[in-house]
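# Understanding the architecture of this molecule
The lines below spell out each chain.
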Amino acid sequence: SSSSSSAESQESIDGELSGRILGLLALMDTGVHAQRYAEKSRQRLDMAILGFFQNFRKVYIGEQVMQSSNVYSKLGEQLGLNDHQAVLTLMLQKVATNLKVYGQSEQLVHLTLGLFQDLATGYMSGKLLLKLEAVHFMLANHTSSYYSFLDYTVNGPNRTSYYHTLARLLFMEDAPSRFKTFMMPLQNAFAEVTNRSSSCTNPAQLRQTTPEQAVVGLFRDLRGIAAATSTRRTYSLLFDWMYPQHFRAVLCCLEAFNDKPNVTTPLLKFVSEFVFNKSQRLTFDSSSPNGILLFREVSKVLVTYGQHVLTVTQVKDNYNDKYKGIWICLQVCLQRGCGFLMLSVVGTQALHACRGSLAGPFDSEVATSAF
């Protein structure tokens, strides 16, 4: 029919145009062009490429598309890209390149990670990604040694998105050994904090020996991973990794940097995400003490932060330096997963200390605020 021939003609045109754009990729990151990453004109070109990838993904990535589309026949003729896996490989290569060379451009990193996240979120494209060697390389090598955008403080929120996407892909398969390998860089980071804190006589010494940005990055990364644990199976992997080995390091970092909102806010946001009972992921077995154990550890964090906030009298920014942390702590208390709404069942000293440490700052603020 005329409608089907029109669709085929449109797909042929799309294939030819896509071939020209994808052919451009072979030139963009070579020779003199590889020296232009700092130029705005070059960055705009890469943003346009990312926009093209997003539109191509929506229309031409999927098993059913392959059965009827003329796009891949055109791409096969021009570039040897005969299926969507070949195109996905090019997309992942571009994602990896951008994360290596555009660390100073927060906007471009954000758009790149947006594409990466959209590819991983789609059921079909996510499954296809797991078949690619490029994805397995990223899961095995995801630190700043390979992707330098992680070294730039401007990309703080972006690194949370980055690790959320990686963890989402990781959790698509039931592979505990791969999870342990994936977490090894974070394991080493926690080990450094633990070793330094054991040799310090007070939190101030830990602060002097531990880079502030390393702590911030650690908890931003962990928050992204925690956000990707949407089932009991995946949450249990992270919980068993965190408890009991690493909770002490969390508390040490909070004690050492308790007057640094740029450190305490990512830490508290990670704790809030960790106790967020979405999709009933925190449902432990009836014989498991994990709910109470989680409550005890998190209550220590809340008490430590609450006691510090009580001593804060003068701040430059009331919201960022004080109210934001208090609000995150209250969000933690409203979570059901670790027993904060089942207070009568616990009845421990940790409970009363937790309630007091959070009630104190709120009572103080209400008394001193002119509402």
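Right above here is the structure, for reference.
The present account deals with the structure reproduced in this document. (Residues numbered from 1 in each chain as written. Predicted model: local features only at pLDDT ≥ 70, side-chain atom pairs only at ≥ 80, totals over all residues. Heavy atoms only, no water.)

### Details of the pattern of salt bridges
Overall, the coordinates contain 17 salt bridges when judged by the stated rule. With its nearest N and O atoms 2.7 Å apart, the salt bridge here joins Asp 46 to Lys 94. Of the two residues, Asp 46 sits in helix H2 (residues 40-60) while Lys 94 sits in helix H5 (residues 84-101), which places them 48 residues apart along the sequence. Given a relative accessible area of 0%, Asp 46 falls into the buried group. (Salt bridge = Lys/Arg side-chain N within 4 Å of Asp/Glu carboxyl O. Helix = DSSP H or I, 4+ residues; strand = E, 2+ residues; numbered from the N terminus. Buried < 20%, exposed > 50% of the residue type's maximum accessible area, 1.4 Å probe, protein only.)

### Some remarks on a nonpolar patch on the surface
Together, Leu 24, Leu 27 and Leu 45 line one region of the surface with nonpolar side chains, adding up to about 240 Å² of accessible area. With respect to the helices and strands, the residue Leu 27 is situated in helix H1 (residues 2-28). (Patch = residues over 30% accessible without salt bridge, like charges linked within 9 Å, V, L, I, M, F, W, Y side chains within 5 Å. Areas by Shrake-Rupley, 256 points an atom, 1.4 Å probe, with all protein chains shown as cover.)

### As for the environment of Phe 52
Relative to the assigned elements, Phe 52 resides in helix H2. The spatial distance from the C-alpha of Phe 52 to the C-alpha of Leu 22 is 9.7 Å, given a sequence separation of 30 residues. For Phe 52, the residues in contact, after removing those within four places along its chain, are Ser 18, Ile 21 and Leu 22. (Contact = heavy atoms within 4.5 Å.)

### Some details on the nonpolar core
Soluble, globular proteins show a tendency: their nonpolar side chains are buried together. With 99 residues, the main nonpolar core has Phe 56 and Tyr 162 as its most contacted residues. Element by element, the count of residues in this core is highest for helix H15 (residues 247-256), at eight residues. If sequence neighbours within four positions are ignored, Tyr 162 has contacts with Leu 99, Leu 113, Met 138, His 142, Tyr 147, Phe 149 and Leu 150. (Core = buried A, V, L, I, M, F, W, Y, C linked by side-chain atoms within 4.5 Å.)

### Let's talk about the layout of surface pockets
Approximately 480 Å³ is the volume found for the largest pocket. Contributions of two or more residues to the lining of the largest pocket are made by helix H9 (156-170), helix H11 (184-198) and helix H13 (212-227). Ranked by residues supplied to the lining of the largest pocket, first place goes to H13 with seven residues. When its residues are assigned to classes, the lining of the largest pocket shows nine nonpolar, eight polar and four charged. (1 Å grid on protein atoms, 1.4 Å probe; cavity = no way out; pocket = protein on both sides within 12 Å on 5 of 7 lines; lining within 4 Å. Points joined across faces, edges and corners; volume = space filled by probe spheres on them. Nonpolar A, V, L, I, M, F, W, Y, C, P; charged D, E, K, R; others polar.)

### Some details on unusual backbone geometry
As a rule of thumb, non-glycine residues mostly have phi less than zero, and peptide bonds are mostly trans rather than cis. In the segment running from Tyr 243 into Pro 244, the intervening peptide bond is cis, with an omega of 0°. By the secondary structure assignment, Pro 244 is in the loop between helix H14 (232-242) and H15. Phi at Ser 279 is positive, roughly 55°, even though this residue is not glycine. Inspection of the secondary structure puts Ser 279 in the loop between helix H16 (261-274) and helix H17 (290-311).

### Comments concerning the packing of aromatic side chains
Counted according to the given criterion, the structure contains 23 aromatic pairs. Ring centres of Phe 52 and Phe 53 lie 5.7 Å apart, and the angle between their planes is 45°; this geometry places the pair in the tilted category. Here the two residues Phe 52 and Phe 53 agree in accessibility, since each one is buried. Here Phe 190 and Phe 219 contribute two aromatic rings whose centre-to-centre distance is 6.2 Å and whose plane-to-plane angle is 75°, an arrangement assigned as edge-to-face. With a gap of 29 residues between them, Phe 190 in helix H11 and Phe 219 in helix H13 connect regions that are remote in the sequence. For Phe 219, a relative accessible area of 0% corresponds to the buried category. Among the aromatic residues, those joined into a ring-pair cluster are Phe 190, Phe 219, Tyr 235, Phe 239, Trp 241, Tyr 243, Phe 247, Phe 270, Phe 274 and Phe 284. (Phe/Tyr/Trp six-rings, centres within 6.5 Å; stacked < 30°, edge-to-face > 60°.)

### Quick notes on H15
Since the α-helix advances by 3.6 residues per turn, residues separated by three or four positions end up pointing in the same direction. The element H15 is largely enclosed, with a buried count of eight among its ten residues. Residues of H15 that are buried: Phe 247, Ala 249, Val 250, Leu 251, Cys 252, Cys 253, Leu 254 and Ala 256. On its buried side, H15 packs onto H11, helix H12 (203-209), H13, H14, H16 and H17.

### Things to note about the packing of H2 against helix H6 (residues 106-121)
Two quantities define a packed helix pair, namely the angle between the axes and the distance from one axis to the other. Orientation of H2 relative to H6, taken along the N-to-C sense of each, is 15°, at an axis distance of 10 Å. Taken together, the axes of H2 and H6 are roughly parallel relative to one another. The hand of the H2/H6 crossing is left-handed. Here Gln 43, Asp 46, Met 47, Leu 50, Phe 53, Gln 54 and Arg 57 of H2 come into contact with H6, specifically with Gln 107, Leu 108, Leu 111, Thr 112, Gly 114, Leu 115, Asp 118 and Leu 119. Taken together, the residues of the contact of H2 with H6 break down into seven nonpolar, five polar and three charged. (Axes fitted to C-alpha atoms, helices over the stretch in contact; angles between N-to-C directions. Parallel < 35°, antiparallel > 145°, perpendicular 65-115°, else oblique. Left-handed = near helix turned anticlockwise from the far one by under 90°.)

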